[in-house]
Amino acid sequence: MSNTPEEGTPLAATPLTRAVLEIDSYAAGLGWDQPARLFALVDTAHLRAHEPGLADQLGLGDEEASGGLTPIEQDELPPGTPLDEFLATIAWPEVISGCALTVERLMLPPSAEAAMPKGLDDAALASWVARHPERQEVRMTVAVLRDGARESAVRLREKDSPTEVLTGPELVPSLADALSATFD
């Protein structure tokens, strides 16, 4: 992936927002029902200067080298390991400016919370949400930088279009917190 806007991807004001939308677009191209994907975010100018062969392989031209972030997909997450446990094992080298994760989940509107049965364990709660008539399938892409900046993109499966992607720094705060902890 390079950090040029894909056709149909909205232009974004910050390098972090552009990186999140690029990852969202990449994930959208893979389709739904995909595993979680982890990305390192590298300063594009640094990558171009210190790893020109890799930058060429990624299609990063000199014009893209200033002020951008390049997402680099990491190895697949270990199957069967809860996401929070996996993230707790990550430590990034200094050259990594940030990281991002894209993951699919079922979500309910706030109005459904009142009807949620009490005392369910995680498996029973997941089953209840999966059967709920108001459930929404979403893909969340969350990114954080070492300096604390964060950005998120959320795409509903029923409105699967680049123009329907919601963005904002606090859309998925718990996941952003977990990603930020990988830099502690």
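Each remark here, short or long, concerns the structure printed above.
Enquirer: Kindly report on the overall build of the protein chain, identifying the contributing residues and their values.
Expert: The number of helices and strands found in the protein chain is 6 helices and 6 strands. Ordered by position in the sequence, the α and β elements of the protein chain form the string α-β-α-α-β-α-β-α-β-β-β-α. Of all 184 residues assigned to the protein chain, the portion counted as buried reaches 40%. If you take every contact in the protein chain between residues at least 6 apart in sequence, the share linking residues at least 24 apart comes to 67%. Summed over all atoms, the accessible surface of the protein chain reaches about 9,900 Å², with 53% contributed by carbon and sulfur.

Enquirer: Give a description of unusual backbone geometry that names residues and reports values.
Expert: Leaving glycine aside, a negative phi is the common case for residues, and trans is the common case for peptide bonds. Not every positive phi belongs to a glycine, and Asp33 is a case in point at roughly 60 degrees. Of note, Asp33 is situated in the loop between α1 (15–30) and β1 (37–43).

Enquirer: Explain the sheet that holds strand β5 (residues 150–156) to me, using residue names and the numbers behind them.
Expert: Sheet strands associate in pairs through backbone hydrogen bonding, adopting either a parallel or an antiparallel arrangement. Spatial ordering of the open sheet is given by β2-β1-β3-β4-β5-β6, a layout of 6 strands whose pairing is antiparallel. Because the sheet does not close on itself, it has two edges, and the strands there are β2 (69–73) and β6 (166–168). The mean inter-strand angle of the sheet, taken between neighbouring strand axes irrespective of direction, is 20 degrees. Bridge count for β1 against strand β3 (residues 98–107) is 5 bridges, and the pairing is antiparallel. Within the sheet, the bridge partner assigned to Ala40 lies in β3 and is Cys99. Where helix α6 (residues 173–180) meets the sheet, it contacts β1, β3, β4 (136–145) and β5, and its direction lies at approximately 35 degrees from that of β4.

Enquirer: Could you give me a rundown of the environment of Val165, with the residues and numbers involved?
Expert: Here Val165 is to be found in the loop between β5 and β6. On the basis of relative accessible area, Val165 is assigned to the buried category, the value being 15%. As for Val165 and Leu21, which are separated by 144 residues in sequence, their C-alpha atoms are 8.5 Å apart. Ignoring any residue separated from it by four or fewer positions in sequence, one finds Val165 in contact with Leu21, Asp24, Ala153, Val154 and Arg155.

Enquirer: Quick one: what's the story with the pattern of salt bridges, residue by residue and with numbers?
Expert: Side chains carrying opposite charge are able to pair once their charged atoms draw close together. The tally for this structure, following the rule as stated, stands at 9 salt bridges. Residue Glu73 pairs with Arg37 through a salt bridge whose shortest N-O separation is 2.8 Å. On the criterion of sequence distance, the pair formed by Glu73 in strand β2 and Arg37 in strand β1 is long-range, its members being 36 residues apart. Given a relative accessible area of 30%, Glu73 falls into the partly exposed group.

Enquirer: An account of the layout of surface pockets is needed here, citing residue identities and associated values.
Expert: Taken as a whole, the largest pocket holds about 710 Å³ of empty space. The wall of the largest pocket is formed by 26 residues, among which Arg105, Leu106, Met107, Met140 and Val172 lie closest to the centre. Residue assignment for the lining of the largest pocket shows that the elements contributing at least two residues are α4 (83–87), β3, α5 (122–131), β4, β5 and α6. Taken as a whole, the second largest pocket holds about 180 Å³ of empty space. Around the second largest pocket, the lining residues are Pro35, Ala36, Glu76, Leu77, Pro78, Pro79, Gly80, Thr81, Leu83, Phe86, Val103 and Arg105. In terms of residue class, the lining of the second largest pocket is built from 8 nonpolar, 2 polar and 2 charged.

Enquirer: How would you summarise the packing of aromatic side chains if you had to cite specific residues and measurements?
Expert: Where two aromatic rings form a pair, the distance of their centres and the angle of their planes describe that pair. With the rule as written, the count across this model stands at 2 aromatic pairs. Relative to Phe39, the ring of Tyr26 has its centre 6.1 Å away and its plane inclined at 85 degrees; by these criteria the two rings are edge-to-face. Residue Tyr26 is located in helix α1, and its partner Phe39 is located in strand β1; the two are separated by 13 residues in the primary sequence. Here Phe39 falls in the buried class, since its relative accessible area comes to 0%. A cation over a ring is seen here: Arg139 above Trp32, with NZ or CZ 4.1 Å from the ring centre.

Procedures and definitions
- Residues numbered from 1 in each chain as written.
- Predicted model: local features only at pLDDT ≥ 70, side-chain atom pairs only at ≥ 80, totals over all residues.
- Heavy atoms only, no water.
- Helix = DSSP H or I, 4+ residues; strand = E, 2+ residues; numbered from the N terminus.
- Buried < 20%, exposed > 50% of the residue type's maximum accessible area, 1.4 Å probe, protein only.
- Contact = heavy atoms within 4.5 Å.
- Areas by Shrake-Rupley, 256 points an atom, 1.4 Å probe, with all protein chains shown as cover.
- Pairing = 2+ DSSP bridges.
- Axes fitted to C-alpha atoms, helices over the stretch in contact; angles between N-to-C directions.
- Salt bridge = Lys/Arg side-chain N within 4 Å of Asp/Glu carboxyl O.
- 1 Å grid on protein atoms, 1.4 Å probe; cavity = no way out; pocket = protein on both sides within 12 Å on 5 of 7 lines; lining within 4 Å.
- Points joined across faces, edges and corners; volume = space filled by probe spheres on them.
- Nonpolar A, V, L, I, M, F, W, Y, C, P; charged D, E, K, R; others polar.
- Phe/Tyr/Trp six-rings, centres within 6.5 Å; stacked < 30°, edge-to-face > 60°.
- Lys NZ or Arg CZ within 6 Å of the ring centre and 35° of its normal.

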